[in-house]
Amino acid sequence: QLWKLTKKIFEEAMIEETGVHIFRHTFARTLVEKGVNLITLMELLGHVDIKTTQIYAKSNEMAKRDAVYKAFL
């Protein structure tokens, strides 16, 4: 039922990706953006291989700006 409800909401919002798995991705990306260690994230997600977890470690523009700013403090 949750999958059907999620799919309907996403379709109405014109979001192409559907399904409850997107919540897992959102959870992981949020933790990465908050600086959670990838090993910790790997354990939370139940991944066996860190390479799978590294998918969520994509950089974003704000993270790049913050890194440069912190380097010059």
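Look a little higher up for the structure.
These numbers were taken from a predicted model, which means no experiment stands behind them. (Residues numbered from 1 in each chain as written. Predicted model: local features only at pLDDT ≥ 70, side-chain atom pairs only at ≥ 80, totals over all residues. Heavy atoms only, no water.)

**Here we look at the side chain of Thr53**
Following the sequence through the fold, Thr53 ends up in helix α4 (residues 50-53). Beyond its immediate chain neighbours, meaning those up to four positions away, Thr53 contacts Leu38, Leu41, Met42 and His47. (Helix = DSSP H or I, 4+ residues; strand = E, 2+ residues; numbered from the N terminus. Contact = heavy atoms within 4.5 Å.)

**Re a nonpolar patch on the surface**
A surface patch of nonpolar side chains, about 580 Å² in accessible area, is lined by Leu2, Trp3, Leu5, Ile9, Val20 and Phe23. In terms of residue count, the dominant contributor to the nonpolar patch is helix α1 (residues 2-12) (4 residues). In this structure, Leu5 sits in helix α1. Relative accessible area serves as the criterion here: at 47%, Leu5 is assigned to the partly exposed category. (Patch = residues over 30% accessible without salt bridge, like charges linked within 9 Å, V, L, I, M, F, W, Y side chains within 5 Å. Areas by Shrake-Rupley, 256 points an atom, 1.4 Å probe, with all protein chains shown as cover. Salt bridge = Lys/Arg side-chain N within 4 Å of Asp/Glu carboxyl O. Buried < 20%, exposed > 50% of the residue type's maximum accessible area, 1.4 Å probe, protein only.)

**Focus on the nonpolar core**
In this structure, Ala28, Leu31, Val32, Leu41, Leu45 and Tyr56 together form the largest nonpolar core, which totals 6 residues. Of all elements in the fold, only α2 (21-33) and α3 (38-45) reach the threshold of two or more residues within this core. Counting residues per element, this core draws most heavily on α2, at 3 residues. For Leu45, the residues in contact, after removing those within four places along its chain, are Arg24, Phe27, Ala28 and Tyr56. (Core = buried A, V, L, I, M, F, W, Y, C linked by side-chain atoms within 4.5 Å.)

**Some remarks on the environment of Ile9**
Inspection of the secondary structure assignment puts Ile9 in helix α1. Note: C-alpha distance between Ile9 and Gly19 (10 residues apart in sequence) is 9.9 Å.

**Quick look at the pattern of salt bridges**
Taken as a whole, this structure holds 3 salt bridges when the rule is applied. Residues Lys7 and Glu11 are paired through a salt bridge, measuring 3.9 Å at the closest nitrogen-oxygen approach. Of this pair, Lys7 and Glu11 both sit in helix α1, 4 residues apart, which is roughly one turn of that helix. When its relative accessible area of 48% is taken as the criterion, Glu11 is described as partly exposed. A salt bridge links Arg29 to Glu33; the nearest nitrogen and oxygen atoms lie 3.6 Å apart. With Arg29 and Glu33 both in helix α2 and 4 residues apart, the pair spans about one turn of that helix.

**Re the environment of Trp3**
Mapped onto the elements, Trp3 comes out in helix α1. The partly exposed category is assigned to Trp3, whose relative accessible area is 44%. Separated by 13 residues in sequence, Trp3 and Glu16 place their C-alpha atoms 14 Å apart.

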